[in-house]
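Next come the chains, spelled out residue by residue.
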Amino acid sequence: MSGTITVTGRKIDAEVGSTIENEIRKAGMVPDAFLYLKDGRPVPMDTPIEDGIQIKAIKVASGG
């Protein structure tokens, strides 16, 4: 059982019961650098991974 997080075309298998934040960290990325979407709507990074969930991560640009 797993979910999927897609980050810039790369699919990450996400463990059910974990959170988006934990799975992004395990993949070696910084969770705060992304906006997370489920069914086209923003979700917080502490969203639990459910079986079959599909999350899209969009890189957030900041600076000035």
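As a reminder, the structure under discussion sits directly above these lines.
Owing to the predicted nature of the structure, the values given are computational and were not obtained by experimental measurement.

So, how was this worked out
Residues numbered from 1 in each chain as written. Predicted model: local features only at pLDDT ≥ 70, side-chain atom pairs only at ≥ 80, totals over all residues. Heavy atoms only, no water. Phe/Tyr/Trp six-rings, centres within 6.5 Å; stacked < 30°, edge-to-face > 60°. Buried < 20%, exposed > 50% of the residue type's maximum accessible area, 1.4 Å probe, protein only. Salt bridge = Lys/Arg side-chain N within 4 Å of Asp/Glu carboxyl O. Helix = DSSP H or I, 4+ residues; strand = E, 2+ residues; numbered from the N terminus. Pairing = 2+ DSSP bridges. Axes fitted to C-alpha atoms, helices over the stretch in contact; angles between N-to-C directions. Patch = residues over 30% accessible without salt bridge, like charges linked within 9 Å, V, L, I, M, F, W, Y side chains within 5 Å. Areas by Shrake-Rupley, 256 points an atom, 1.4 Å probe, with all protein chains shown as cover.

Side note on the packing of aromatic side chains
- A complete count under the given rule lists one aromatic pair for this structure.
- Here F34 and Y36 contribute two aromatic rings whose centre-to-centre distance is 6.3 Å and whose plane-to-plane angle is 45°, an arrangement assigned as tilted. The same class applies to F34 and to Y36, which are both buried.

A word on the pattern of salt bridges
- A full pass over the atoms with the stated rule returns three salt bridges.
- Here K26 ties to E15 by a salt bridge, and the two come within 3.4 Å at their closest N and O atoms. Here the residue K26 occupies a position in helix 1 (residues 20–26), and E15 occupies one in strand 2 (residues 10–15), the gap between them amounting to eleven residues.
- For K26, a relative accessible area of 56% translates into the label exposed.
- Note that E21 is salt-bridged to R25, the shortest N-O span being 3.0 Å. Here E21 pairs with R25, and both are found in helix 1, just four residues apart, close to one helical turn.
- Using a relative accessible area of 22% as the deciding quantity, one classes E21 as partly exposed.

Some remarks on the sheet that holds strand 5 (residues 54–59)
- Reading across from one edge, 2-1-5-3-4 is the order of the five strands in this open sheet, with mixed pairing throughout. Edge strands, defined here as strands with exactly one partner in the open sheet, are strand 2 and strand 4 (41–43). The sheet shows a mean angle of 35° between the axes of neighbouring strands, direction not considered.
- With four bridges joining them, strand 1 (residues 2–7) and strand 5 adopt parallel strand pairing. When the bridges of strand 5 are listed, V7 appears paired with A57.

Overview of a nonpolar patch on the surface
- Residues L35, I58 and V60 make up a contiguous nonpolar surface patch of roughly 220 Å² in combined accessible area.
- With relative accessibility at 40%, the residue L35 sits in the partly exposed group.

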